[in-house]
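Coordinates in review
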Amino acid sequence: HRMAAALLRRLGSSPETVGLGLMVCCVLASAVLGNVSAAVMATSLWRPTRMDEDSQRTSWPRVARLGGAYASNIGGMLSPIASPQNLIAFTAIQTAVQTASADSSRAGLSGTVASPLSFGTWVAVALPFCTTLLLLCWLFLCAMYKKQLPSALPPITIEHARPGRGGSTLST
């Protein structure tokens, strides 16, 4: 909870900025943890910013949830370990490169041998694509819900109970 409060304090009170910050966190987390784990973790990040949708007449909770879900899926493309599909594709590409290298060596074309795919190469190719997708997704959410977002998020109060002690409140 304290990490979420520190992050949210740095992002300010603009829903657009907070939304982008939460989405960046989801992308980075899902690149390492996987899509589902990152989406669950994102819930603890956006939860302190939620507002009562009925009383406030705002779409902020919806935007935060959609942004976290979209960003978690986008981040799942960023590294080969982020999802089982990436690992299968990584292995298939490595096998294809090795087969092509062996075929070109037999044909006497030693100068056209491709280098094997590495973790760094995967990330280097995926990073611009994922960054572009993240920004497009953020712009889409901002455009779709612009009129329904509050001008600023209310002050964030994080309540949590400590084991063996009474509950405590951390306000930011």
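Residues numbered from 1 in each chain as written. Predicted model: local features only at pLDDT ≥ 70, side-chain atom pairs only at ≥ 80, totals over all residues. Heavy atoms only, no water.

Before going further, it helps to spend a moment on the overall build of the chain. When you go through the chain residue by residue, the secondary structure sums to seven helices and two strands. Listing the helices and strands of the chain from first to last along the sequence gives α-α-α-α-α-α-α-β-β. Classification of the 172 residues of the chain by burial places 37% in the buried group. Restricting to contacts in the chain with at least 6 residues of sequence separation, those with at least 24 account for 67%. A total accessible area of about 10100 Å² is found for the chain, and carbon and sulfur atoms account for 63% of it. (Helix = DSSP H or I, 4+ residues; strand = E, 2+ residues; numbered from the N terminus. Buried < 20%, exposed > 50% of the residue type's maximum accessible area, 1.4 Å probe, protein only. Contact = heavy atoms within 4.5 Å. Areas by Shrake-Rupley, 256 points an atom, 1.4 Å probe, with all protein chains shown as cover.)

Here we take up the state of the cysteines. Scanning all chains against the criterion turns up zero disulfides. Sulfur of C26: no disulfide; nearest cysteine sulfur belongs to C25 and is 7.0 Å away. In this model C137 remains outside any disulfide bridge; the closest cysteine sulfur is found in C142, 9.5 Å from its own. (Disulfide = S-S within 2.5 Å.)

For the rest of this paragraph, the subject is the side chain of S72. Take S72: it is sitting in helix α5 (residues 60–75). Take S72: its relative accessible area is 2%, and that puts it in the buried class. Once you skip the residues sitting within four places of it in the chain, S72 turns out to touch C26, S30, N35, A38 and A39.

Let's shift gears to helix α2 (residues 15–33). Helix length check: α2, at 19 residues, gives a terminal C-alpha distance of 26 Å against a target of 27 Å (1.5 Å per residue), a fit within 8%. One or two steps after α2, the chain reaches G34, where phi turns positive at roughly 110°. (Expected span 1.5 Å × (residues − 1).)

This brings us to the packing of α5 against helix α7 (residues 119–145). The contact between α5 and α7 brings their axes to 10 Å, and the two run at 165°. Our classification of the angle between α5 and α7 gives roughly antiparallel. The handedness of the crossing between α5 and α7 is right-handed. Between α5 and α7, the residues in contact are R62, V63, L66, G67, Y70, A71 and I74 and C130, L133, L134, C137, L141 and Y145, respectively. Looking at the contact of α5 with α7 residue by residue, the classes come out as eleven nonpolar, one polar and one charged. (Axes fitted to C-alpha atoms, helices over the stretch in contact; angles between N-to-C directions. Parallel < 35°, antiparallel > 145°, perpendicular 65-115°, else oblique. Left-handed = near helix turned anticlockwise from the far one by under 90°. Nonpolar A, V, L, I, M, F, W, Y, C, P; charged D, E, K, R; others polar.)

Let us look at a nonpolar patch on the surface. Where nonpolar side chains cluster on the molecular surface, the patch consists of V32, L33 and M41 and spans about 270 Å² of accessible area. As for its placement among the helices and strands, M41 is situated in helix α3 (residues 35–46). (Patch = residues over 30% accessible without salt bridge, like charges linked within 9 Å, V, L, I, M, F, W, Y side chains within 5 Å. Salt bridge = Lys/Arg side-chain N within 4 Å of Asp/Glu carboxyl O.)

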